[in-house]
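A look at the structure
Given next are the chains, with one letter for each unit.
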Amino acid sequence: MRVLQLSDPHLLADPAGCYRARQPLAQLRQALEQTLGAGGSVGEFGGERPDVLLISGDLCQDESWGGYINLRDQLGAVCPGPGRPQLALLPGNHDHPQLLRAALGRQAWIAPAELRLAGARLLLLDSHWPGQLAGRLGPRQLAWLRDRLAVGTAAEPLLVALHHPPVPIGDPGMDAIALVDGPELLDLLADAAGLQAVVFGHIHQHWLGHLPGRAAVPLLGCPSSLCPFPAVQACPQGRAQDPGGRLLTLSPTGLRQRLLRWAPAVVPSVG
């Protein structure tokens, strides 16, 4: 399974609106063109498109119907017709899950969900916690996850995706609004068959850790398509201030992953 991960676009109802001195829709368009459009990074997958486009939360900063329609239209414009990747969307703390599902439920897999494709599995978790910046899965979703993990086998590669990091990343501000039931999630994943990686957004930066007790399973934070937050770890490409994403390939022989970076879209900024 080939997965392209983007994260934290923070779209607005106003297509020309600005957030954090950038236009979110223009920056998402740039990200999609760089990774899926002509002349983009399609070659990272040997000239093939990814099987899945995963956008890992904080899709709509103002949690508006118009913001999700902008997302739907943008995805439809860049990923049209046959051969398009499956769309997988995660609610973040800056999201309205019901509006997200109403706008995109027929076009995308929306967490919580399980996607089986190309001999691998992708488990999408919903860490949105109404009224909070921190994330929470809750007992019912953890029970669902336990059931899904129970049917996995070592022969079927598994990727788990959520918005909030399940472990501290070393930034006091971000660690205060991470996943509150991260320890419970880590307990479930400790023996998960076929698990090759856990990916998340929220932190607007590249970050690499490992599942406690399973050094072969990376925990991977994804840069934002909009703007960076101060980096805890050095960017392997020396481009911590640029938007980015991540490419992941799951296979029986193991995980391959690569960080992507590109220049931000050139649009008028605000102070």
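Please read these numbers as outputs of a predicted model, since none were measured by experiment.

**As for the overall build of the protein**
- Across its full length, the protein holds 6 helices and 12 strands.
- The principal-axis extent of the C-alpha atoms belonging to the protein is close to 50 × 40 × 40 Å.
- For the protein, the proportion of its 271 residues judged to be buried stands at 58%.
- Sequence-distant contacts, at least 24 apart, represent 68% of the contacts inside the protein between residues at least 6 apart.
- A total accessible area of about 10,800 Å² is found for the protein, and carbon and sulfur atoms account for 53% of it.
- Seen as two clouds, the 21 positive and the 22 negative side-chain charges of the protein have centres 5 Å apart.

**What about unusual backbone geometry?**
- The omega angle of the peptide bond from A111 to P112 is 0 degrees, so this bond is cis rather than trans.
- With a phi close to 55 degrees, H10 is a non-glycine residue in the positive phi region.
- Mapping H10 onto the fold places it in the loop between β1 (2-6) and α1 (24-35).
- Take H10: its relative accessible area is 3%, and that puts it in the buried class.

Reading guide: rules and limits
The residue count restarts for each chain, going from 1 along the sequence in the order it is written. Only residues with pLDDT of at least 70 get local features here, since the model is predicted, and only at 80 or more are side-chain atom pairs given and counted; chain-wide, interface and lining totals rely on the full set of residues. Just so you know, side-chain values use all the structure's heavy atoms and leave hydrogens and water out. Each helix corresponds to a stretch of at least 4 residues labelled H or I by DSSP, and each strand to a stretch of at least 2 residues labelled E; elements are numbered beginning at the N terminus. Throughout, exposure labels follow a simple rule: accessible area from a 1.4 Å probe, protein chains only, divided by the maximum for the residue type, with under 20% read as buried, over 50% as exposed, and the rest as partly exposed. The contact criterion used is simple: two residues touch if any of their non-hydrogen atoms lie within 4.5 Å. Here the open area of atoms and residues is found with the Shrake-Rupley method and a 1.4 Å probe, where only the protein chains shown may cover a residue. In summary, the charge assignment counts Lys and Arg as positive and Asp and Glu as negative, without counting His or the chain termini. Think of each charge as sitting on NZ of Lys, CZ of Arg, CG of Asp or CD of Glu.

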